[in-house]
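Topology and contacts: notes
The primary structure of each chain is shown beneath.
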Amino acid sequence: MDMQVKECMALITGGASGLGEETARSLSGQGAKVAIFDIAVERGKKIAADLGPNCIFVAADVTNDEESRLAVEQIVTAFGAINVAINCAGVADPGKVLSKKGPMSLAFFNRVVQINLVGTLNIIRLAVEQMVKNAPNGEGEKGVIINTASVAAFDGQI
């Protein structure tokens, strides 16, 4: 038997805006338990309240190991498990390697890499640590990880 949405306990990074918010709304509307994982505290709390008792908000930065670990623990405490992790947290900060102002700042580039790459891996590893504890379904699945990217991942930016 395939995993059913109504049986899902989903962690959604970047869940307080954009694709993450729409994913949270869609899964919640289909009966899943949803954890909005984001740094946008007020917005995240509002969305969680709008979605009702099967939705929680956890404030955490995907690039921060301790915050992320505590957030995952909060989600497991609230839902009993995590069997879906959807990575939507990301930034699309365009920049030229060399502009009229000079070379791109390494700090600027590092911020993008930390959020989009390191943050994604951070959540994957913490979610998998929980998913291996899940009982497998009829197909042998213990969890699902979905990583998203903007169209810029394929088309690039100037």
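Notes on the structure in this doc start here. (Residues numbered from 1 in each chain as written. Predicted model: local features only at pLDDT ≥ 70, side-chain atom pairs only at ≥ 80, totals over all residues. Heavy atoms only, no water.)

On to the packing of helix 1 (residues 18-29) against helix 2 (residues 41-51), then. Pairs of packed helices are described in terms of their axes, by the angle between the two and the distance that separates them. For the pair helix 1 and helix 2, the least separation of the axes is 11 Å and the interaxial angle reads 15°. Classified by the interaxial angle, the pair formed by helix 1 and helix 2 is roughly parallel. In terms of crossing hand, the pair formed by helix 1 and helix 2 is right-handed. Across the interface between the two elements, E21, A24, R25 and S28 of helix 1 pack against R43, I47, D50 and L51 of helix 2. Residue composition of the contact of helix 1 with helix 2, by class: 3 nonpolar, 1 polar and 4 charged. (Axes fitted to C-alpha atoms, helices over the stretch in contact; angles between N-to-C directions. Helix = DSSP H or I, 4+ residues; strand = E, 2+ residues; numbered from the N terminus. Parallel < 35°, antiparallel > 145°, perpendicular 65-115°, else oblique. Left-handed = near helix turned anticlockwise from the far one by under 90°. Contact = heavy atoms within 4.5 Å. Nonpolar A, V, L, I, M, F, W, Y, C, P; charged D, E, K, R; others polar.)

Counted by the stated rule, this structure contains 7 salt bridges. Between D50 and K46 there is a salt bridge; the shortest N-O distance is 3.1 Å. In this pair, D50 and K46 are both assigned in helix 2, 4 residues apart and thus about one turn of the helix distant. A residue is classified by how much of its surface remains accessible, and D50, at 46% relative accessible area, is partly exposed. When the shortest N-O distance is used, the salt bridge between R69 and E129 registers 3.5 Å. One end of the pair, R69, is in helix 3 (residues 65-79); the other, E129, is in helix 4 (residues 106-131), with 60 residues separating them in the sequence. (Salt bridge = Lys/Arg side-chain N within 4 Å of Asp/Glu carboxyl O. Buried < 20%, exposed > 50% of the residue type's maximum accessible area, 1.4 Å probe, protein only.)

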